[in-house]
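Residue strings, one per chain:
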Amino acid sequence: QEQRTRRRAGTMFAKLTSLVTGSSLPFTLGDDKGTAWNWWTLHDAKMKADGAKVSVFRAIIPNTDEVKLGLARNSLKRLRGMKHPSIVSFKDSHEMPDRSNVTFYIVTEPVVTLAAFLDMDEMRGNPSEVLAWGLRAVVSGVSFLTNECKLVYGSLCFGSVFVSHTLDWKLGIFDLLSDHAGLAKALDPQPFAQGFPFVSGQYLPGEVHKKEWQAVADAPAWAVDAWGLGCFIQELFKGAPMEAVAELRNLGAIPRGLQGDYQKLLSSQPQKRLNPQQLLQRNSFFRTKLNDIVEFLDNLILKEEVERNRFFRSLKTSLRSLPAFLIQRKILPACLAAVEFGNVSTAALQAILDLVECVADETYFEQDVLPFLLKLLGSTDVTVRLMLLSSAAKFIRLLSGKMIESKFYPGLQPYFKDADPRIRDQTIKCMSLLAPKMNQKTLNSSLLPHLAQLQRDPEAAIRTNTTVLISKISQYLGEASCKRILLNAFTRVLNDPAPSVRNAGILAIKETSQYYGEEDISRKLVPTLAPLVTDADPGISISSFQCLEKSFQVLRAYAERREKELASVAPPQAQARPSEPSGGGFGVDEAAAASGGDPWTAGGDNDGLDLGMDLGGMDLGGDDGGWDDGGLDEMLQGSGGGVEEPSLDDGVSQHLGGLMGPAGAEEKVGPGARRKHLAPPRKTGKGKPMKLGATKRAPKSGGDDDAWGDLLA
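Scoring rules and cut-offs
- Residues numbered from 1 in each chain as written.
- Predicted model: local features only at pLDDT ≥ 70, side-chain atom pairs only at ≥ 80, totals over all residues.
- Heavy atoms only, no water.
- Helix = DSSP H or I, 4+ residues; strand = E, 2+ residues; numbered from the N terminus.
- Buried < 20%, exposed > 50% of the residue type's maximum accessible area, 1.4 Å probe, protein only.
- Contact = heavy atoms within 4.5 Å.
- Areas by Shrake-Rupley, 256 points an atom, 1.4 Å probe, with all protein chains shown as cover.
- Pairing = 2+ DSSP bridges.
- Expected span 1.5 Å × (residues − 1).
- Axes fitted to C-alpha atoms, helices over the stretch in contact; angles between N-to-C directions.
- Salt bridge = Lys/Arg side-chain N within 4 Å of Asp/Glu carboxyl O.

A few words now on the overall build of the chain. When helices and strands are tallied, the chain shows 28 helices and 10 strands. Within the chain, buried positions represent 44% of all 713 residues. Long-range pairs, those at least 24 residues apart, make up 68% of the contacts in the chain with a sequence separation of at least 6. For the chain, the accessible surface area stands at approximately 38000 Å², while carbon and sulfur atoms represent 51% of it.

Before going further, it helps to examine the pairing of strand β5 (residues 101–108). Summarising burial for β5: 7 of the 8 residues are buried, a large majority. Note that strand β4 (residues 90–97) and β5 share 7 bridges and pair antiparallel. Among the inter-strand pairings, Pro97 is bridged to a residue of β5, identified as Val102. Counted along the chain from β4 to the antiparallel partner β5, the turn is 3 residues long.

In a regular helix each residue adds 1.5 Å, so 21 residues correspond to 30 Å; helix α4 (residues 128–148) covers 29 Å between its end C-alpha atoms and thus fits that length. The buried count for α4 comes to 17 of 21 residues, which makes it a mostly enclosed element. Taken from the residues just after α4, Lys150 is the one with a positive phi, measuring 55°.

In this section: the sheet that holds strand β2 (residues 40–47). The strand order β1-β2-β3-β5-β4 describes an open sheet built from 5 strands, whose pairing is antiparallel. The outermost strands of the open sheet, each flanked by one partner alone, are β1 (27–37) and β4. Going from strand to strand, the sheet's axes swing by 25° on average, the running direction of each strand aside. Bridge count for β2 against strand β3 (residues 53–62) is 7 bridges, and the pairing is antiparallel. Directly across from His43, in β3, lies its bridge partner Val56.

Taking 1.5 Å as the rise per residue, helix α13 (residues 324–339) with 16 residues should run 22 Å; its terminal C-alpha atoms sit 21 Å apart, in good agreement. Of all the 16 residues making up α13, 13 are buried; the element is thus mostly covered by neighbouring parts of the structure.

For the structure shown, the criterion picks out 20 salt bridges. In this structure, Asp179 and Arg78 form a salt bridge, with 3.6 Å as the shortest nitrogen-oxygen distance. Here Asp179 is found in strand β10 (residues 178–179), whereas its partner Arg78 is found in helix α2 (residues 66–81), with 101 residues between them in sequence. Asp179 sits in the partly exposed class, given a relative accessible area of 34%. A salt bridge links Lys483 to Glu479; the nearest nitrogen and oxygen atoms lie 3.1 Å apart. Taken together, the residues Lys483 and Glu479, both in helix α21 (residues 479–491) and 4 residues apart, mark about one turn of the helix.

Attention shifts here to the environment of Pro255. Within the element layout of this structure, Pro255 appears in the loop between α8 (223–238) and α9 (256–265). What Pro255 contacts, discounting residues up to four positions off in sequence, is Phe237 and Phe285.

Right, here's the structure in full:
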């Protein structure tokens, strides 16, 4: 018996401990957000099951105070059965008694107090659109309770209104909610008749102060709450709770359009007080742009297709005057909810993508917006996918690298092989925005093989933009990968039949020149690039020559270093060369040799051709990002005209002519004439002299299929 008693006592102690520590509650209570109304306080919380954010109203009431206990239980019961956009959404409730108190918990959707909302930085200056929207929601909630449910709310004030994450203003305290018809029953007092002493006097009309319950029951059901609504309007535009009933006479803070109806709400005669429903219907203060937009979205399913498309096309223009936080937290969620279960028209999709640009909260974007975009990513509609890709710059900034690699990029990979060339082209441009956030391993192992295939694409614009993309993302590939694949990737396109592709390859080589060593330049770059100097396209001819000049500068510096190395290791007697006999040998200028100059360039300081102009073609760093936008559009429009080749500038032609000399000009002879300097003749294997001007092209190092080296191995 004694052991059984101890076991029972231990069980009771464990239950008591769980009550005190709150371990049996299905949520974790967070920060205290302040007093909500009288004995209720608001807290942030998270559900233990799924970590969802919620709000918790908590009240600790002595177990001897039967009146307050009854009012708190009335709030739990009433809120559980109320469903309305202007009433906080109920999720759960708990009543936890202990030896001296009873603790009540009401779990609702996440909300903040109205005072905390108005103190936000975004609400500085009190945007009239937001205040009108919020007041409309409060009036709508009061009208629902009094006109449709025939109830008396009884506690309307600054502390009983809360704001959700989507900026919906809602009623949240229901301790005094009572049946209007039962207020005259003395034997069965309603919660309002029991709890009105806990309400500050300025919020109660005269008949309640006098406890004239029969007069309250005979008056319209909205009479008591019409007075409370007038008090709330005063507090809202004043920005702080009222302290005395005399403040109701102050009209300075009330908007002019509301002043007349405000005075009617506060009539001393209950029957003459304005019905909240009439306030919504006839006052133009509530006819705002925000209200019209939200109201249309709420009834979107009832609208005709023509009306819906017209609305979404004009939405971006209509929202120009609204704050960005209002668009993010109210308009965008409303649009997403409106199209969630219906077919998404192109007008609606474009409007939503435009609104995404206003989003600043990455967490909200990944939780609420990204699932919608991923759904669009899997669409079979070409127009939908094109709109999504072309608007990528508006939302990629909000995507983390983890989300890109785990969700967005996997859904994008089939686009590289899409049958529509516009999809492939837009995917290439989209990748320039995604690559900086992606892992180096993913870029090398997954993206580069796709780009290698796209360099063989039948569309020239796609081949061009693929080359541009490889150049743009080279800085994210790693130095080892760049040295292994870049030169192969760019030289393979130098023989492309499309001038834009060849030009993109030359410019890409220039942009990534830091990755190429002397051996790469001499063995791969120069033999492939040199034939383009005589390209039919003058822009390519000049661009390739400029690229060769830079390459020869690198090789010249390399040769000078090797010469110095040779001079440092050569024996002293080998450093002094005997002078050539006059009139014989290779015709070396003694004056140039004596002055220490280069005998192959004696008589002038001409390190290379200065063409005096820059290529006016493609620029990888220009305003268009280096993309070839015209080629694909022309292809899609079916234009069959050829590309008009630009002519060389006259100054360039004259400069080249001056350097090369006039054709067929005779050599001057005389004492003032400059001497020709010929290179020493090279010995041939068969003893035959090599003809002057003869050239031999180096064989290609490999076919087009293996131009990327071991990337595709």
